[in-house]
Amino acid sequence: MADATATPIALTIAGSDSSGGAGIQADLKTFTVLGVYGASVLTALTAQSTRGVDAILPVPPEFVTQQIDAVAGDLDIAATKTGMLNDRATVLAVAAGVRRHALHPLVVDPVMVATSGDMLLQPDAVEAVRHELLPLADVITPNLAEAARLLDRLQATGEEEMEAQARALLALGPKAVLIKGGHGEGSEALDILVTRDAAPLRLALARVATPNTHGTGCTLSAAITAYLACGAPLEEAVSAAKRYVHAALEAATGAKIGTGAGPVDHLHSLRNPRKG
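The rules we used
Residues numbered from 1 in each chain as written. Predicted model: local features only at pLDDT ≥ 70, side-chain atom pairs only at ≥ 80, totals over all residues. Heavy atoms only, no water. Helix = DSSP H or I, 4+ residues; strand = E, 2+ residues; numbered from the N terminus. Buried < 20%, exposed > 50% of the residue type's maximum accessible area, 1.4 Å probe, protein only. Contact = heavy atoms within 4.5 Å. Pairing = 2+ DSSP bridges. Right-handed = clockwise from strand over helix to strand, strands pointing away. Core = buried A, V, L, I, M, F, W, Y, C linked by side-chain atoms within 4.5 Å. Salt bridge = Lys/Arg side-chain N within 4 Å of Asp/Glu carboxyl O. Axes fitted to C-alpha atoms, helices over the stretch in contact; angles between N-to-C directions. Parallel < 35°, antiparallel > 145°, perpendicular 65-115°, else oblique. Left-handed = near helix turned anticlockwise from the far one by under 90°. Nonpolar A, V, L, I, M, F, W, Y, C, P; charged D, E, K, R; others polar.

1. A word on unusual backbone geometry
Keep in mind that most residues, glycine aside, have a negative phi and that most peptide bonds are trans. The omega angle of the peptide bond from His-104 to Pro-105 is -5°, so this bond is cis rather than trans. Following the sequence through the fold, Pro-105 ends up in the loop between helix H3 (88–101) and strand E5 (106–108). Unusually for a residue other than glycine, Asp-152 sits at a positive phi of about 55°. Tracing the backbone through its elements, the reader meets Asp-152 in the loop between helix H5 (144–151) and helix H6 (159–170).

2. Structural notes on helix H1 (residues 23–33)
Those residues of H1 that sit buried are Gly-23, Ile-24, Ala-26, Asp-27, Thr-30, Phe-31 and Val-33. Against strand E1 (9–17), strand E2 (37–49), strand E4 (79–82), helix H7 (216–229), helix H8 (234–252) and helix H9 (268–271) lie the buried residues of H1. Phi for Gly-35, located one or two positions after H1, is positive at around 85°.

3. Quick notes on the pairing of E1
In terms of burial, E1 is largely enclosed, as nine of its nine residues are buried. Sheet topology places E1 next to E2; eight bridges connect them, and they run parallel. Paired with Ser-16 across the strands is Leu-45, a residue of E2. For the handedness criterion, the β-α-β arrangement of E1, H1 and E2 is classed as right-handed.

4. Looking at the nonpolar core
One finds Leu-11 and Val-94 to be the most contacted residues of the largest nonpolar core, which totals 45 residues. With five residues, H6 is the single largest residue contributor to this core. In contact with Val-94, not counting residues within four places along its chain, are Ile-13, Val-64, Ile-68, Thr-82, Leu-85 and Leu-133. Among the nonpolar cores identified, the runner-up in size contains 31 residues, and Val-33, Leu-203, Val-208 and Val-264 belong to it.

5. A look at the side chain of Gln-165
Relative to the helices and strands, Gln-165 resides in helix H6. Using a relative accessible area of 5% as the deciding quantity, one classes Gln-165 as buried. Apart from residues no more than four positions distant in its own chain, Gln-165 is found in contact with Ala-147, Ala-148, Leu-151, Arg-153, Leu-154, Gln-155, Ala-156 and Ile-179.

6. Concerning the pattern of salt bridges
In a structure, side chains of opposite charge can pair up when their charged atoms sit close to one another. Counted according to the given criterion, the structure contains 12 salt bridges. Between Glu-132 and Arg-99 there is a salt bridge, with its nearest N and O atoms 3.7 Å apart. A residue pair is termed long-range when its members are at least 10 positions apart, and Glu-132 in helix H4 (residues 126–133) and Arg-99 in helix H3 qualify at 33 residues. According to the relative accessible area criterion, Arg-99 is partly exposed, its value standing at 46%. Here Glu-188 makes a salt bridge to Arg-202, at a shortest N to O gap of 3.3 Å. Residue Glu-188 is found in strand E8 (residues 188–195), and its partner Arg-202 is found in strand E9 (residues 201–206); the two are separated by 14 residues along the sequence. Judged by its relative accessible area of 44%, Arg-202 is partly exposed. The network of salt bridges with common partners includes Glu-127, Arg-130, Arg-149 and Asp-152.

7. Considering the side chain of Asp-27
Structurally, Asp-27 is set in helix H1. What Asp-27 contacts, discounting residues up to four positions off in sequence, is Thr-12, Ala-14, Lys-81, Cys-218 and Ala-222.

8. Let's talk about the packing of helix H2 (residues 61–72) against H3
Two elements in contact, H2 and H3, have axes whose closest approach is 9 Å; the angle formed by their N-to-C orientations is 20°. Classed by the angle they form, the pair H2 and H3 counts as roughly parallel. Crossing geometry of H2 relative to H3 is assigned as right-handed. Only Ala-89, Thr-90, Ala-93, Val-94, Gly-97, Arg-100 and His-101 of H3 make contact with H2, whose side of the interface consists of Pro-61, Val-64, Thr-65, Ile-68, Asp-69 and Ala-72. Of the residues contributing to the contact of H2 with H3, the split by class is seven nonpolar, four polar and two charged.

What follows is the structure, encoded as structure tokens:
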């Protein structure tokens, strides 16, 4: 049994964002701010700025496997998340590693497209995510576009459609689905958490008017992972993560980092501890 006084350890399996706003960099910042020790497995390198992704260099799947085995064979991992996996072979390697080392609770962020619109998951990898990774997940965190792509449906346009798509995703095997409406329209940014045994949890906060939204998805899934690593129940972890990201968006409103879509402010709570 892990030492109850030890710092919880969370693992992120994702790609690198050279501009620092998303991917592994966002995950590790989020883990650290929320009091969790962060370990990482790199799946791809990106040449990326706030304007977009210029190039992607995949990490060989065999080396992804070696990273997972090295970290999981040494550290007492309390929660794991996946982000950018890039290709089918990497998805299969990650799924095998999760099974081999029982890396749960597992948060799957099915990253497909960057904030800039650049593709981060090859088309032939989507099927592997559906059938190999989703059934292993304790919770998946697709945005509206990702949910539609996973289901081969049109994107949900309202709350009822969001819940229906979340339930359809639940049928693919994950224990819970958090469908994110941050890319939707309206005055509220609405997310819906659907599980097998409870009523849907509606999470709505005022939409933040800011161009600095780079890394929101990575940051939310990382925050959920951090709270789960600390022992929080899923609904509590998701609610706290939503508040953390909302505050990060508010804090980033006036920031000028780069000339494109700037990052959320991962470190806001260090400067203002009372803001979640």
